[in-house]
Amino acid sequence: MKTVNFAVHNDTDKAKLINHIKGREGKFTVSLVDGVKRSVNQNRLQRKWVLELTEQMQQLNPEITPEMVRATLKLHYGVPILREESEACRLQYDKIIKPLSYEDKLLLMQEPIDFPVTRLMTSKQNRVYLDNIFRDMGGKGFVLTDPNWQGWDL
């Protein structure tokens, strides 16, 4: 089954989507989701922060890896956002993952399974995710690149 995604930002994008639908033949299913996926800049900043946090955390524990940091951020900051805003996500998470141990949850967030969290987020949800990380980790003494100072368009 082929999947086609359209991010509609304006009337031109909407017209392209309508033309695409008009040009389709046969049976197909359409799903509409409010919001657009996370931005490239959000993704870059997220990766940058994972590396910055890893470097700082390795001073306390040299065994910390970027993948461990990424998993921890997904579990602590991302999952609550998805659970709060999506009943389907909350029900599946609560049924399958919530009963697991903390260590197993972290393993699920990492490669090779890499349970999707931030990839499911809209840009608005990802903004909340990044804001929460910046505020909380900064409050714990970690220094992260300030997106406002860098001029990031999030």
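Use the structure listed above.
Predicted model, so just to flag it, every value in this text is computed and none were measured.

Quick notes on the rules
- Along each chain, residue indices are assigned from 1 in the same order as the chain's sequence is written.
- With pLDDT at 70 or above as the cut-off, local features in this predicted model cover only qualifying residues; side-chain atom pairs require 80 or more to be listed or tallied, and sums for whole chains, interfaces and linings still use all residues.
- Values reported for side chains reflect all heavy atoms of the structure, with hydrogen atoms and water molecules removed beforehand.
- In this description a helix means any DSSP run of H or I spanning at least four residues, a strand means any run of E spanning at least two, and both kinds are numbered starting from the N terminus.
- Burial here depends on accessible area, computed with a 1.4 Å probe over protein chains only, as a share of the maximum for the residue type. Under 20% is buried, over 50% is exposed, and the range in between is partly exposed.
- Contact between two residues is taken to exist if any of their heavy atoms lie within 4.5 Å; hydrogens are not considered.
- Values of accessible area rely on a 1.4 Å probe in the Shrake-Rupley scheme; residue burial ignores everything except the protein chains shown.
- Angles here are taken between N-to-C directions and fall from 0 to 180 degrees, while the axes themselves are lines fitted to C-alpha atoms, restricted in helices to the stretch in contact.
- Oblique is the label for every angle not falling under 35 degrees (roughly parallel), over 145 degrees (roughly antiparallel), or within 65 to 115 degrees (roughly perpendicular).
- Each crossing is labelled by how the near helix is turned from the far one, with a counterclockwise turn of less than a right angle marking it left-handed and a clockwise turn marking it right-handed.
- Under the grouping applied here, Gly and all other residues not named as nonpolar or charged are polar, the nonpolar ones being Ala, Val, Leu, Ile, Met, Phe, Trp, Tyr, Cys and Pro and the charged ones Asp, Glu, Lys and Arg.
- When a carboxyl oxygen of Asp or Glu lies within 4 Å of a side-chain nitrogen of Lys or Arg, that pair is called a salt bridge.
- Residues belong to a common nonpolar core when they are buried Ala, Val, Leu, Ile, Met, Phe, Trp, Tyr or Cys residues joined through side-chain atoms within 4.5 Å.

A. Examining the overall build of the protein more closely. Scanning the protein for helices and strands turns up seven helices and zero strands. Sorting the 154 residues of the protein into buried and exposed places 31% on the buried side. Long-range pairs, those at least 24 residues apart, make up 67% of the contacts in the protein between residues at least 6 apart in sequence. Total accessible area on the protein stands at roughly 10,800 Å², and carbon and sulfur atoms take up 54% of it.

B. Up close: the packing of helix H3 (residues 66–85) against helix H6 (residues 123–139). Where H3 contacts H6, the two axes come as close as 10 Å, and the packing angle between them is 140 degrees. By the angle class used here, H3 and H6 are oblique. Once H3 is placed against H6, the crossing between them reads as right-handed. Of the residues in H6, those in contact with Leu73, Lys74, Tyr77, Gly78, Ile81, Leu82 and Glu85 of H3 are Gln125, Val128, Tyr129, Asn132, Ile133, Asp136 and Met137. Residues that form the contact of H3 with H6 fall into these classes: eight nonpolar, three polar and three charged.

C. Structural detail: the packing of helix H2 (residues 40–58) against H6. Viewed as axis vectors pointing N to C, H2 and H6 meet at an angle of 25 degrees, and their least axial separation amounts to 11 Å. Here H6 runs roughly parallel to H2, going by the angle between their axes. With respect to the hand of their crossing, H2 and H6 are arranged in left-handed fashion. Contacts from Gln42, Leu45, Gln46, Trp49, Leu53 and Met57 of H2 reach H6 at Ser123, Asn126, Arg127, Tyr129, Leu130, Ile133, Phe134 and Met137. Of the residues that constitute the contact of H2 with H6, the class distribution is nine nonpolar, four polar and one charged.

D. Quick look at the side chain of Glu52. Looking at the element boundaries, Glu52 is found in helix H2. Of the residues examined, Glu52 reaches a relative accessible area of 17% and is grouped as buried. Other than its neighbours up to four places away in sequence, Glu52 contacts Val143, Leu144 and Thr145.

E. Representation of the pattern of salt bridges within the structure. Per the counting criterion, the structure on display carries eight salt bridges. Between Glu67 and Arg70 there is a salt bridge; the shortest N-O distance is 2.7 Å. Of the two residues, Glu67 and Arg70 both sit in helix H3, three residues apart, roughly one turn of that helix. Taking the relative accessible area as the measure of exposure, Arg70 reaches 21% and is therefore partly exposed. For Asp114, the salt bridge identified is with Lys74, shortest N-O distance 2.7 Å. Of the two residues, Asp114 sits in the loop between helix H5 (102–109) and H6 while Lys74 sits in helix H3, which places them 40 residues apart along the sequence. With respect to burial, Asp114 and Lys74 carry one shared label: buried. Each of Glu67, Arg70, Lys74, Asp114 and Arg119 takes part in salt bridges that share partners, so that together they form one network.

F. Structural view of the nonpolar core. Ranked by size, the top nonpolar core spans 27 residues in total, and within it Leu53, Leu73, Tyr129, Ile133 and Met137 carry the most contacts. When contributions to this core are tallied by element, the ones reaching two or more residues are H2, H3, helix H4 (87–97), H5 and H6. Considering every element that reaches this core, the biggest residue donor is H3, with eight residues. The contact partners of Leu53, leaving out residues within four places of it in the chain, are Val69, Leu73, Met137, Phe142 and Leu144.

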